[in-house]
Structures are given as C-alpha cells and as structure tokens.
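The primary structure of each chain is shown beneath.
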Amino acid sequence: MEMKRREFLKLSGLFAVAMVVGNNVLKELLPSDFSRAFKAGKYPGIVKKANMREIVKPGKWAG
Amino acid sequence: MSVQCEICPRRCKLDKGESGNCLIRKNVDEKLVLTTYGYPCATHVDPVEKKPLFHFMPGTKAYSVATAGCNLHCKNCQNWEISQSPPDKVPARHLPPKELVKEAKKYNCKSIAYTYTDPVVFFEYAYDTSAIARKEGIKNILVTAGYINKEPMKVLCKNVDAANIDLKAYSDKFYRDVCRATLKPVLEALVTTKSCGVMVEVTNLLIPTLNDSDKDITELVKWVKANMGKETPLHFSRFFPNFRMRNLPATSINKLKNARKIALAEGLEYVYIGNVPTEEAESTFCPFCKELLIQRSGYSILKNQIQDGKCSKCKNKIYGVWK
C-alpha cells in the first residue's frame with residue numbers, strides 16, 4: 001500500500017496522541033509500582049516503658 | 001544497590017545505610033525499611049476536637065499516635081523535638097499495631113488518630129494499624145500535611161474515616177521557603193482524600209506577614225471551595241513563635257477574625273478559628289437556618305443539636321461523620 005508523506009505524518013501524529021492518552025489512562029487504572037517498606041528488626045533509639053499516667057492525658061504536642 | 005522510596009514526592013533514592021529526607025525510612029541491606037514501625041514516640045488520649053476535627057463524632061476521644069520523623073521541615077514546627085529528630089535521638093515504646101488497637105479500646109477511644117508528626121512517613125505502621133482498627137470497629141483519623149504521592153494516599157485512605165489536612169498557604173513559594181516542600185502535591189492529596197470518601201477538614205495556620213494578607217486568604221478559600229466543596233470545614237489557626245521562626249509575633253485575633261469573615265463571605269459554610277478562645281468562631285452553625293448546632297468551649301462540647309447528621313431545627317444534612 002502506498003502512503004503519501006502527509007498521510008504518514010498524520011497517522012504518526014494520531015498514534016503518538018493515542019499512546020500518550022492510553023498511557024495516562026492506564027496509569028490511573030492499574031496499580032502503581034509503589035512498594036511498602038519493611039519493618040525494622042530493632043528500634044535505633046532508646047525503647048522506654050509506657051507511662052500510663054501520661055497516655056491518658058491529652059498530649060503536649062500540637063495536632 | 002540503592003533503593004527508592006515512593007511514599008512522598010521527594011522520591012528519595014537511598015544508598016546502602018542511608019536514611020531518607022524524613023529521617024526514618026532507610027536502606028537496610030538493600031531493602032527499604034521503616035525504622036519506627038511499631039515504635040511510637042508519643043501516645044495520648046486526646047479529645048477529637050484537638051486534631052482539630054469539628055465534624056467528626058464530637059466529644060469523643062481519639063487515641064493519638066506518632067513516631068519520630070517528618071517529610072516537611074517547617075521553620076515554625078510546634079512539634080520539632082519529635083518531627084525533626086532521627087529515631088536514635090527520640091525514645092519510643094514498643095507498640096505493635098494489634099497492641100495499639102487494644103490500648104485504644106481499653107481507653108474507650110472511638111478512633112485512632114495518626115498525628116503529631118506526619119503519618120505519611122510512618123505509612124506502613126499507620127496503614128496496618130488502621131486495617132486492624134477498622135475490623136475492631138474503631139475509626140481512623142489522619143492529621144497530615146498531605147505531602148504524599150497519589151497512590152500511597154489512595155491506599156492509606158482505604159481504612160480512614162476522617163482527615164485534617166494542613167493547607168499551609170496557597171503559594172508554592174511559601175511551601176518552598178517555609179517547609180522545604182511544594183504546593184502541588186498537597187493540593188492533589190486534598191482532592192484525592194476527599195474523592196476517596198474521607199471526611200476532610202482543612203487547617204490553615206496564619207503566620208503574620210507570610211500568608212495572612214486578604215489576597216492570600218481569598219485565594220486559598222476560593223481554591224478550597226472550588227475543589228473540595230463549600231461544605232469543607234476550614235480552620236484558621238493561630239501561629240505562635242517556635243523552632244526556627246521566633247522572629248515573628250503570634251497572629252493577632254483580629255487577623256483570624258478577618259480571615260473567617262473572608263471565608264464566610266466567599267461562601268464556605270463552616271469556618272473556625274483555632275488556638276485561641278472565641279465564643280462564636282469555635283461553634284458550628286447550620287448553614288441553612290443559622291441555628292447554633294454545636295457550642296464548644298476549648299475542647300469541650302457544651303451543646304450538640306445535631307440529630308442523625310441533620311440540623312434539629314430545619315432537618316438539613318450537616319457535613320460530617322456524627323456516629
């Protein structure tokens with residue numbers, strides 16, 4: 001099949017647009033490649049005991 | 001081999017032994033590890049109004065939990081001792097998700113709030129706990145700056161009932177200068193969270209000269225109304241000098257009142273003032289008949305006239321989670 005230069009460029013342009021749109025739609029629909037972090041074996045800081053008297057009070061922290 | 005963290009827009013690429021910008025997500029033996037999983041540095045029983053959440057089960061208690069670390073570095077951070085320190089400098093207790101839910105139940109908390117620092121960075125701990133909590137009939141709350149990628153936010157929202165998300169300013173420059181972050185991902189997180197069916201309230205801390213002009217406030221309010229809906233509760237909160245921003249005074253009460261006036265005039269239905277006692281600006285009024293529905297004083301509920309999620313007078317639906 002013969003194709004003129006203008007027709008080829010038109011088809012290429014349409015194909016490129018379809019690829020971009022399709023890619024964006026697929027990105028929305030498919031699960032992302034985001035992966036969870038693992039749990040640490042050991043806490044790097046000091047591990048303290050729970051202070052129940054402090055817990056029952058509203059925190060000093062904002063939020 | 002390096003690993004890449006994809007939780008937040010920073011997308012930190014970590015070489016072996018290196019920690020991310022948040023200080024707690026680390027490349028350990030070529031695996032991405034959350035070093036604070038199961039080790040909260042703060043656990044408290046708070047009134048839900050402290051989050052602040054004014055449209056979520058008023059008068060109930062929220063078991064509030066945080067680990068060290070944060071992916072924002074706000075110069076005005078009120079919780080900088082825990083948010084801006086690496087975990088080896090912050091003592092913590094061992095509290096795996098199951099035990100956390102058990103403790104929330106023990107203290108008769110209707111919800112668990114992932115708060116104080118930012119649950120974005122302790123994502124896996126918050127997510128696993130929220131899944132157990134939901135099964136046990138306990139609700140989940142996020143208190144966050146919303147600097148998170150879209151996919152993890154969608155995942156986190158699966159078990160979340162309510163969120164208070166900071167919109168620190170409607171200005172990318174502000175985010176860059178004050179928080180070392182950017183605005184766009186926060187706007188996206190706000191919209192994503194609401195579209196996931198989570199009840200969202202927004203907080204805007206007004207800092208003198210940095211984000212408190214009429215123009216700043218109007219732009220922010222217009223964005224909230226257009227993208228989140230006029231029913232979205234908005235809290236204007238008072239700034240106090242702290243951490244690396246001690247050169248500015250506390251926000252004047254008139255500025256806060258003026259911001260509330262602007263937001264109401266722009267058409268937002270529920271606008272509050274926080275961190276300062278006021279009579280009218282911490283109460284909820286029916287946007288339809290103007291009846292006083294919830295009267296608050298600090299974190300106490302003096303009166304609640306909402307019945308089955310509706311105004312007791314005109315019977316119109318009031319936005320929120322009420323039971």
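On a predicted model such as this, the values are computed, not experimentally measured, just so you know.

Engineer: Give a description of the side chain of Thr35(B) that names residues and reports values.
Structural biologist: With respect to the helices, strands and loops of the structure, Thr35(B) is situated in the loop between strand S4 (31–34) and strand S5 (42–47). Residue Thr35(B) is classed as buried on the basis of its relative accessible area, which comes to 7%. Within the structure, Thr35(B) has its side chain in polar contact with the backbone oxygen of Ile24(B) (distance 2.8 Å). Residues within four places of Thr35(B) in sequence aside, it is in contact with Ala40(A), Tyr43(A), Pro44(A), Ile24(B), Lys26(B) and Pro87(B).

Engineer: Which residues make up unusual backbone geometry, and what values do they have?
Structural biologist: Of all residues except glycine, most have a negative phi; of all peptide bonds, most are trans. Residue and element names in this part refer to chain B. In this structure, proline 52 follows lysine 51 across a cis peptide bond, with omega equal to -5°. Examined against the element boundaries, proline 52 turns out to sit in the loop between S5 and strand S6 (61–66). In this model, arginine 11 sits at a positive phi of 45°, which is unusual for a non-glycine residue. Its location among the elements puts arginine 11 in the loop between strand S1 (3–4) and strand S2 (13–14). Unusually for a residue other than glycine, phenylalanine 243 sits at a positive phi of about 50°. Looking at where phenylalanine 243 falls in the secondary structure, it is placed in the loop between strand S11 (234–238) and helix H8 (253–266).

Engineer: Account for the sheet that holds S11(B), naming residues and giving values.
Structural biologist: Residues and elements named next belong to chain B. Strands sit in the order S5-S6-S7-S8-S9-S10-S11-S12 across an open sheet of 8 strands; the sheet is mixed. Pairing within the sheet leaves two strands with one partner each, and these edge strands are S5 and strand S12 (271–274). For this sheet, the mean inter-axis angle between neighbouring strands, taken without regard to orientation, is 20°. Taken together, the 4 bridges between S11 and S12 define a ladder with parallel strand orientation. Residue leucine 234 lies in a different strand from S12, and its bridge partner there is valine 271.

Calculation rules
- Residues numbered from 1 in each chain as written.
- Chains lettered and ligands numbered in written order.
- Predicted model: local features only at pLDDT ≥ 70, side-chain atom pairs only at ≥ 80, totals over all residues.
- Heavy atoms only, no water.
- Helix = DSSP H or I, 4+ residues; strand = E, 2+ residues; numbered from the N terminus.
- Buried < 20%, exposed > 50% of the residue type's maximum accessible area, 1.4 Å probe, protein only.
- Polar contact = N/O pair within 3.5 Å; in protein donor to acceptor, adjacent residues only side chain to side chain.
- Contact = heavy atoms within 4.5 Å.
- Pairing = 2+ DSSP bridges.
- Axes fitted to C-alpha atoms, helices over the stretch in contact; angles between N-to-C directions.

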